[in-house]
Amino acid sequence: MLELENMTVRYGKHLAVDSVGFSVAPGEIVVVLGANGAGKSSLLKAMAGMVPPEAGAVLRLHGRELTGLPAHEVTNAGIALVPEGRGVIGRMTVEENLRLGATPARARDAEEETLAQVFDIFPRLAERRGQWVHTMSGGEQQMVAVGRAMMSKPDFLLLDEPSLGLAPIVVGDLFRALARVRDTGVGLLIVEQNVRISLRHADRGYLLEAGRLTGAGTADELMTDDAVRHAFLGGDM
Ligand SMILES: Nc1ncnc2c1ncn2[C@@H]1O[C@H](COP(=O)(O)OP(=O)(O)O)[C@@H](O)[C@H]1O
Ligand SMILES: [Mg+2]
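Residues numbered from 1 in each chain as written. Chains lettered and ligands numbered in written order. Predicted model: local features only at pLDDT ≥ 70, side-chain atom pairs only at ≥ 80, totals over all residues. Heavy atoms only, no water.

S.K.: Describe the coordination of the magnesium ion (ligand 2), naming the residues involved and giving the relevant values.
M.R.: For the magnesium ion (ligand 2), the full set of protein donor atoms is Ser 41 (OG) and Glu 84 (OE), at a range of 2.0 to 2.5 Å. In this pair, Ser 41 sits in helix α1 (residues 40–47) while Glu 84 sits in the loop between β6 (79–82) and α3 (94–100), placing the two residues 43 residues apart along the sequence. Exposure remark for Glu 84: the relative accessible area of 40% places this residue in the partly exposed category. (Donors = N, O, S within 2.8 Å, 3.2 Å for Na, K, Ca; no water. Helix = DSSP H or I, 4+ residues; strand = E, 2+ residues; numbered from the N terminus. Buried < 20%, exposed > 50% of the residue type's maximum accessible area, 1.4 Å probe, protein only.)

S.K.: An account of the site of ligand 1 is needed here, citing residue identities and associated values.
M.R.: The full set of residues close to ligand 1 is Tyr 11, His 14, Ala 16, Ala 35, Asn 36, Gly 37, Ala 38, Gly 39, Lys 40, Ser 41 and Ser 42. Interatomic distance of 3.0 Å between a backbone N/O atom of Gly 39 and an oxygen atom of ligand 1. Compared with its free state, where it exposes 560 Å², ligand 1 has 60% of that area covered by protein. Looking at the shell around ligand 1, the elements that each hand over two or more residues are β2 (14–24) and α1. Class assignment of the residues belonging to the shell around ligand 1 gives a composition of four nonpolar, six polar and one charged. (Near = heavy atom within 4 Å. Polar contact = N/O pair within 3.5 Å; in protein donor to acceptor, adjacent residues only side chain to side chain. Areas by Shrake-Rupley, 256 points an atom, 1.4 Å probe, with all protein chains shown as cover. Nonpolar A, V, L, I, M, F, W, Y, C, P; charged D, E, K, R; others polar.)

S.K.: Can you break down the sheet that holds strand β1 (residues 2–11) residue by residue, with the values?
M.R.: Here four strands make up an open sheet; going across it, the order is β2-β1-β4-β5 and the pairing antiparallel. Among the strands making up the open sheet, the edge pair consists of β2 and β5 (64–65). With two bridges connecting them, strand β4 (residues 58–61) and β5 associate as antiparallel partners. Considered in β5, the bridge of Arg 60 is made with Glu 65. Docked against the sheet, α1 engages β1, β2 and β4, running at close to 115 degrees with respect to β1. (Pairing = 2+ DSSP bridges. Contact = heavy atoms within 4.5 Å. Axes fitted to C-alpha atoms, helices over the stretch in contact; angles between N-to-C directions.)

S.K.: Explain the pairing of strand β8 (residues 187–192) to me, and be specific about the residues and the numbers.
M.R.: Of all the six residues making up β8, six are buried; the element is thus mostly covered by neighbouring parts of the structure. Residues Gly 187, Leu 189 and Val 191 line one face of β8 and the alternating positions Leu 188, Ile 190 and Glu 192 line the opposite face, and both faces are buried. Of the pairings in the sheet, the one linking strand β3 (residues 29–33) to β8 comprises five bridges and is parallel in character. Bridge assignment links Val 30 to a residue of β8, and that residue is Leu 189. The handedness of the strand β7 (residues 156–160) to β8 crossover, carried by helix α8 (residues 168–183), is right-handed. (Right-handed = clockwise from strand over helix to strand, strands pointing away.)

S.K.: Please set out unusual backbone geometry residue by residue, giving values where relevant.
M.R.: Unlike most non-glycine residues, Arg 86 shows phi in positive territory, near 75 degrees. Here Arg 86 is to be found in the loop between β6 and α3. You can call Arg 86 buried: its relative accessible area is 14%. In this structure, Lys 153 is a non-glycine residue whose phi angle is positive, near 55 degrees. Note that Lys 153 resides in the loop between α7 (138–150) and β7. In this structure Lys 153 comes out as partly exposed when scored by relative accessible area, which is 31%.

S.K.: Residue-level account of the pattern of salt bridges, with values.
M.R.: Taken as a whole and judged by the stated rule, the model has 18 salt bridges. Notably, a salt bridge pairs Arg 99 with Glu 112, separated by 2.8 Å at the nearest N-O pair. Note that Arg 99 is positioned in helix α3 and Glu 112 in helix α5 (residues 111–121), a separation of 13 residues in sequence. Ionic pairing is found between Arg 106 and Asp 155, a salt bridge with its closest N-O pair at 3.3 Å. Taken together, the residues Arg 106 in helix α4 (residues 105–108) and Asp 155 in the loop between α7 and β7 connect sequence positions 49 residues apart. Several salt bridges share partner residues, and in doing so they unite Glu 95, Arg 99, Glu 111, Glu 112 and Arg 129 into one network. (Salt bridge = Lys/Arg side-chain N within 4 Å of Asp/Glu carboxyl O.)

Structure follows, in structure tokens:
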């Protein structure tokens, strides 16, 4: 179980994330829906050890407290972040990018096995394993980013707007692949503005507005929720 309590992030006086808490179970897809500037990236970065949370926040993985650990130790513990904008290395091949993800001790012994699993879920990456990443499409680069995170053998995967900038058909393929990652027992926490596609594949979700959780429900409940419709009016609903 991944548990978050009372997560608050400030940049100077600006309160970006305000007392957020939730939990994600293994094999579950949970989505946090939020518009631009709602605090989605700050929330994930704070969980991943990339920005410091305010005192009082608690992040627990399988009962072990990880709050305040540096990013590489959070990854070693079993939480991997697929950052906004993907963070892949363009002048390296697909396979080189993927293998970079296998640095935690927990992942090294299983590297070949995990690579085979990534290639099974993303056959396109197997076909393109020797190709430089900067020559690939946005959707393919997002697959590389997800695959690299999988290479660390995480128990939980945090995904920052995986659909951003991708064509709808590519987004559909990507989310179907993410559902297969979930089927391996990994828990997924996805922050998104793309309400329709993320709720189609999620089990549960939350609404994040100006740093605060203002709604929660099953994917079906949120799909018809007035607050969600209101927050994303003119958006993708
Ligand atoms: N490094 C930073 N310094 C100051 N303010 C920031 C920083 N990063 C984000 N913010 C502000 O925090 C708020 C939340 O940003 P962010 O977490 O990126 O939201 P989202 O990912 O939902 O678009 C925004 O008002 C943003 O301008
Ligand atoms: Mg963001």
